[in-house]
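A look at the structure
If you want the building blocks of each chain, they are given just below.
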Amino acid sequence: MNEKYTQHYKEIGLKVAYYRKLKGLSQITLAEQIDVSRTHLSNIEAPNMPTSISLELLFKISEVLDVEVKNFFDFHHK
């Protein structure tokens with residue numbers, strides 16, 4: 001993973017967790033719906049473990065959580 005984008009991956013993961021909780025879903029429920037392990041989803045959401053994520057997976061997450069994909073890219077740092 002390119003260190004330059006580490007903060008972006010952290011922010012995307014935190015937003016996945018935020019929208020998942022807002023929707024009232026557990027990690028295991030969302031993981032099953034997007035066809036990944038709970039561990040992988042947990043790694044994506046963990047701010048201390050920046051994990052890359054494919055666009056396809058982000059599209060699936062967006063669809064299940066009913067959140068526009070662009071919302072995951074609203075970064076608040078420079």
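Quick summary incoming for the structure in this document.

Cut-offs and rules
- Residues numbered from 1 in each chain as written.
- Predicted model: local features only at pLDDT ≥ 70, side-chain atom pairs only at ≥ 80, totals over all residues.
- Heavy atoms only, no water.
- Axes fitted to C-alpha atoms, helices over the stretch in contact; angles between N-to-C directions.
- Helix = DSSP H or I, 4+ residues; strand = E, 2+ residues; numbered from the N terminus.
- Parallel < 35°, antiparallel > 145°, perpendicular 65-115°, else oblique.
- Left-handed = near helix turned anticlockwise from the far one by under 90°.
- Contact = heavy atoms within 4.5 Å.
- Nonpolar A, V, L, I, M, F, W, Y, C, P; charged D, E, K, R; others polar.
- Buried < 20%, exposed > 50% of the residue type's maximum accessible area, 1.4 Å probe, protein only.
- Polar contact = N/O pair within 3.5 Å; in protein donor to acceptor, adjacent residues only side chain to side chain.
- Arc of directions from axis to C-beta.

A few words on the packing of helix α1 (residues 6-22) against helix α4 (residues 55-65). Two quantities define a packed helix pair, namely the angle between the axes and the distance from one axis to the other. Interhelical geometry of α1 versus α4 gives an angle of 25° and a closest axis separation of 10 Å. Put simply, α1 runs roughly parallel to α4. Between α1 and α4 lies a crossing of left-handed hand. Touching Ile12, Val16, Tyr19 and Arg20 of α1 are Leu58, Ile61 and Leu65, all from α4. In the contact of α1 with α4, the residues fall into six nonpolar, no polar and one charged.

Tracing the backbone through its elements, the reader meets threonine 51 in the loop between α3 (38-45) and α4. Since its relative accessible area comes to 16%, threonine 51 is described here as buried. Looking at threonine 51, its side chain comes within polar contact range of the main-chain oxygen of methionine 49, at 2.9 Å.

Our next topic: the packing of helix α2 (residues 27-34) against α4. It is the contact of α2 with α4, at a shortest axis distance of 9 Å, that shows an interaxial angle of 120°. One finds that α2 runs oblique with respect to α4. Note that α2 runs across α4; the crossing there is right-handed. Of the residues in α4, those touching α2 at Leu30, Gln33 and Ile34 are Leu57, Lys60, Ile61, Val64 and Leu65. Of the residues belonging to the contact of α2 with α4, the class tally is six nonpolar, one polar and one charged.

On to α2, then. Here α2 has its buried residues at Gln27, Leu30, Ala31 and Ile34. Angularly, the buried residues of α2 cover 100° about the axis, an arc narrow enough to put them on a single face. Buried residues along α2 sit in contact with α1, α3 and α4. Note on α2: the residue one or two positions beyond its end, aspartate 35, has a positive phi of about 65°.

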